[in-house]
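Each chain is listed here by its residues.
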Amino acid sequence: MLNLVLFGPPGAGKGTQSQKLIDKYNLVHLSTGDILRSEIANQTALGLEAKKLMDQGHLVPDEVVIGMISSKLDNNKDAAGFIFDGFPRTTAQAEALDNLLKEKGTVVNMMVALDVDDEELTKRLLLRGKDSGRADDQDESIIRNRIEVYNKNTAPLKDYYSAQSKFYSIDGIGSIDEIFSRVCDTIDNNR
Ligand code: AMP
């Protein structure tokens, strides 16, 4: 199996790269942000609760996203591997993911981080907000809050995966295809 954690701040291009990676490596894409947005669209109780936090740029509680990932893993027993996009975002989530994969006799193979500076991220997110209508992409102070949450809660995961020699960082600035080829080289040279 190939289990890949795609890492990077909001707007780094994780979703775009995931779409290309699932085709090339035949992986199942698990984006907690996408799953939460579909819960909101379906107006489930979970979605309505999560929306309040997401609209402000806060994280949804660990137990909620861990439960979502656990059921997706159970529903995709025959997968050749997974791309985790936007998960884990805290150390508790990373530990839970290790445990869930261990129960299935597998592991996270690597974390690939897309490195993009804060100014470029804000620019990209405001642009995406215009196209997608996402509330959390339209307000500069909420965007700054999400980047701050990332730097405080999520960036430390770099150390978590570095300690297991599984952390790889690549330059996330360039064309989609240039970045894709950097990600693929990293995967192919280290899997
Ligand atoms: P994303 O699409 O990954 O940028 O996620 C959008 C929003 O969903 C985030 O700002 C959080 O409010 C929430 N979210 C997504 N994934 C997680 C996660 N792993 N842990 C906590 N909150 C999350």
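The sections below set out a description of the structure shown in this document.

The rules behind each value
- Residues numbered from 1 in each chain as written.
- Predicted model: local features only at pLDDT ≥ 70, side-chain atom pairs only at ≥ 80, totals over all residues.
- Heavy atoms only, no water.
- Helix = DSSP H or I, 4+ residues; strand = E, 2+ residues; numbered from the N terminus.
- Rg over C-alpha atoms; globule rule 2.2 N^0.38 Å.
- Buried < 20%, exposed > 50% of the residue type's maximum accessible area, 1.4 Å probe, protein only.
- Contact = heavy atoms within 4.5 Å.
- Areas by Shrake-Rupley, 256 points an atom, 1.4 Å probe, with all protein chains shown as cover.
- Lys, Arg positive; Asp, Glu negative; His and termini not counted.
- Charge placed at Lys NZ, Arg CZ, Asp CG, Glu CD.
- Near = heavy atom within 4 Å.
- Polar contact = N/O pair within 3.5 Å; in protein donor to acceptor, adjacent residues only side chain to side chain.
- Nonpolar A, V, L, I, M, F, W, Y, C, P; charged D, E, K, R; others polar.
- Core = buried A, V, L, I, M, F, W, Y, C linked by side-chain atoms within 4.5 Å.
- Expected span 1.5 Å × (residues − 1).
- Arc of directions from axis to C-beta.
- Phe/Tyr/Trp six-rings, centres within 6.5 Å; stacked < 30°, edge-to-face > 60°.
- Lys NZ or Arg CZ within 6 Å of the ring centre and 35° of its normal.
- Salt bridge = Lys/Arg side-chain N within 4 Å of Asp/Glu carboxyl O.

## Here's the deal with the overall build of the chain
Broken down by element type, the chain carries nine helices and five strands. N-terminal to C-terminal, the α/β element order of the chain is β-α-β-α-α-α-β-α-β-α-α-α-β-α. Here the C-alpha atoms of the chain give a radius of gyration of 16 Å, agreeing with the 16 Å that 2.2 N^0.38 yields for 191 residues. The buried share among the 191 residues of the chain stands at 45%. In the chain, 73% of the contacts between residues at least 6 apart in sequence involve partners at least 24 apart. A total of about 9500 Å² of accessible surface is found on the chain, and carbon and sulfur atoms cover 47% of it. Taking the average location of the 23 positive side-chain charges in the chain and that of its 30 negative ones, the two points are 2 Å from each other.

## Focus: the site of the ligand
Taken together, 16 residues are adjacent to the ligand, and Thr-32, Arg-37, His-58, Gly-86 and Gln-93 come closest. One of the side-chain nitrogen or oxygen atoms of Thr-32 is found 2.8 Å away from a nitrogen atom of the ligand. In this structure, Gly-86 approaches the ligand through a main-chain N or O atom, which is 2.9 Å from a nitrogen atom. Protein chains shield 96% of the accessible area of the ligand, which is 480 Å² for the free molecule. Of the residues belonging to the shell around the ligand, the class tally is six nonpolar, five polar and five charged.

## Here we look at the nonpolar core
One finds Ile-69, Leu-73, Phe-84, Leu-97 and Tyr-161 to be the most contacted residues of the largest nonpolar core, which totals 30 residues. Look past the residues within four positions of Leu-73 in its chain and what remains in contact with it is Leu-30, Phe-82, Phe-84, Leu-100, Leu-101 and Lys-104. Residues Leu-4, Ile-22, Ile-83 and Ile-147 belong to the second largest nonpolar core, which totals 23 residues.

## Let's talk about helix H1 (residues 14-25)
Working note: α-helix, 3.6 residues per turn, so residues spaced by three or four point in the same direction. If you check H1, its first and last C-alpha atoms are 16 Å apart, about what 12 residues at 1.5 Å a residue would give, namely 16 Å. Every buried residue belonging to H1 is among Lys-14, Gln-17, Ser-18, Leu-21, Ile-22 and Tyr-25, and all of these are buried. Each buried residue of H1 sits inside an arc of 140 degrees when the element is viewed along its axis, so together they form one side. Directly beyond the C-terminal end of H1, a positive phi value near 60 degrees is found at Asn-26.

## Quick word on the packing of aromatic side chains
Within the structure shown, the criterion is met by four aromatic pairs. Aromatic side chains Tyr-160 and Tyr-161 sit 5.1 Å apart centroid to centroid with 75 degrees between the ring planes, which places their arrangement in the edge-to-face category. One exposure class covers both Tyr-160 and Tyr-161, and it is buried. It is Lys-20 that lies over the ring of Phe-180; its NZ or CZ is 5.0 Å from the centre.

## Regarding the pattern of salt bridges
For the structure on display, the rule yields 14 salt bridges. Two residues, Lys-51 and Asp-55, come together in a salt bridge whose shortest N-O distance is 2.5 Å. Taken together, the residues Lys-51 and Asp-55, both in helix H3 (residues 45-56) and four residues apart, mark about one turn of the helix. You can call Lys-51 partly exposed: its relative accessible area is 33%. For Lys-123, the salt bridge goes to Glu-120, with nearest N and O atoms at 3.6 Å.

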